[in-house]
Amino acid sequence: MLRQLHLTALRAFEAATRTGSFRSAADDLGLTPSAVSHAIRGLERDLGTVLFEREGRSIRLTPEGETLMRHVERGFGELQLGIGSVAARKPQLLKLHCAPSFAAQWLVPRLARLLTECPGLELRLATGTDYTKFVADEFDADIVYGAPTADYYGNLTKQGVVVMPLGTEVVTPLCAPPLATTIKTPHDLLTHTLIESDNKKVRWPAWFAANGLAAPLPRGPRFDRSFLSLSAAADELGVALESTLLAQREIASGRLVRPLEGRCEDVFYTGHWLVFPRNKRYTRSLVMFLTWLMKGLGLEASLDTLDAMSSDQTVTPVLRPNSPQ
């Protein structure tokens, strides 16, 4: 039976499952909708099973179609990876959209390491607080702040958008060393200038509530980006409530310290997520970046993890023991 199956029929099947219609698959492959439909009917005949339920112009995979889809998708994906790894060793372009503070505070300071450890990777980076919808291949992946809602990506969710949490972050007061000497308990913060980050998911009221106190009325400087709040705190303008993940450089250099470390209840949450179309998970540039990113964040995730998920699930990377956060 395997000898009777044509690669073009499998390619038509893969395109139809990925795009959600025979017409879109035809546009993707440069064929007519009739040719795609004919190829898939031939595949169904050769396999002796129905792969799609057809309702007018809409199609839906049968259970048998779902099973075949996973194997065909992986087969073409592995082929794409293999070709990408040997094709004239040309640069592998990754078009990445990223939340501004994650880009400024975590990614850009590590770009030299990324390009050294991923030879051949070419990164094109754009930042913004909006979430890309992966229209017309403008971006291959997006590092977003705050998990997108289940219906945000519309039809792409059905086709398979992978949403990966990028680990747990610790949100805690941070300030310059001279200010830290006057902060011994959470109550001491009530008399200090508190820097506000307007777009943060965790803000001062939540932190004070976790420590059994009512938050004071906002009276300090306000910023709409975490990297601005961190810079202001390092310049002794007040105390910022920020993620230690984003403040790693400032903490390591001593420009910022945690004045209440071990003496308060900090807030733990998942702030950043990696999102990309499921059908792009075999592109060599994304595989290189994903592997490097997970390692840098102390997480583990593999292609086997992605293949095991259903198209509407969130992938949860595994936290490596004793990994830096």
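Heads up: the structure comes first, above all this text.
So, how was this worked out
Residues numbered from 1 in each chain as written. Predicted model: local features only at pLDDT ≥ 70, side-chain atom pairs only at ≥ 80, totals over all residues. Heavy atoms only, no water. Helix = DSSP H or I, 4+ residues; strand = E, 2+ residues; numbered from the N terminus. Buried < 20%, exposed > 50% of the residue type's maximum accessible area, 1.4 Å probe, protein only. Pairing = 2+ DSSP bridges. Contact = heavy atoms within 4.5 Å. Axes fitted to C-alpha atoms, helices over the stretch in contact; angles between N-to-C directions. Salt bridge = Lys/Arg side-chain N within 4 Å of Asp/Glu carboxyl O.

Undergrad: Just to check I follow, could you spell out the environment of Gly298 for this structure?
TA: On the secondary structure map, Gly298 appears in the loop between α12 (284-296) and β13 (299-300). Residue class for Gly298 comes out buried when judged on its relative accessible area of 0%. Taking the C-alpha atoms as reference, Gly298 lies 9.4 Å from Leu166; in sequence the two are 132 residues apart.

Undergrad: Looking at this structure, I do not really get the sheet that holds strand β7 (residues 169-174). What am I missing?
TA: Within a sheet, adjacent strands bond to each other through the backbone by hydrogen bonds, running parallel or antiparallel. Strand order in the open sheet formed by five strands is β9-β8-β10-β7-β11, with mixed pairing between adjacent strands. The sheet terminates laterally at β9 (222-223) and β11 (267-269), the two strands that pair on one side only. Across two bridges, the pairing between strand β8 (residues 194-197) and strand β10 (residues 239-243) is parallel. In the strand pairing of β10, Ile195 is matched with Ala240.

Undergrad: Got a minute to help me understand the environment of Ala126 in this structure?
TA: Within the fold, Ala126 resides in strand β4 (residues 121-127). Once the C-alpha coordinates of Ala126 and Asp142 are considered, the two residues, 16 residues apart in sequence, prove to be 9.5 Å apart. Residues in contact with Ala126, not counting those within four places in the same chain, are Leu96, His97, Cys98 and Phe139.

Undergrad: Just to check I follow, could you spell out helix α10 (residues 226-234) for this structure?
TA: Working note: α-helix, 3.6 residues per turn, so residues spaced by three or four point in the same direction. Regarding α10, the residues found buried are Ser226, Ser229, Leu230, Ala232, Ala233 and Ala234. Those residues of α10 hidden inside the fold are in contact with α5 (100-107), β7, β8, β9 and β10. Two residues or fewer after α10 comes Glu236, characterised by a positive phi angle close to 65°.

Undergrad: Is there a simple way to think about the sheet that holds strand β3 (residues 92-98) in this case?
TA: A sheet is described by the order of its strands in space; here five strands give the open sequence β4-β3-β5-β12-β6, paired in mixed fashion. Across the chains shown, the open sheet's two edge strands, defined by having one partner strand only, are β4 and β6 (161-165). Between one strand axis and the next, the sheet turns by 20° as a mean value, whatever way the strands run.

Undergrad: What exactly am I supposed to notice about the pattern of salt bridges here?
TA: By the definition in use, this model includes 13 salt bridges. Ionic pairing is found between Lys200 and Glu242, a salt bridge with its closest N-O pair at 3.3 Å. In this pair, Lys200 is assigned in the loop between β8 and α9 (204-210) and Glu242 in strand β10, connecting sequence segments 42 residues apart. There is no split in this pair, since Lys200 and Glu242 are both buried. Bridged by salt links that share partners, the residues Glu196, Asp198, Arg203 and Arg222 form one connected network.

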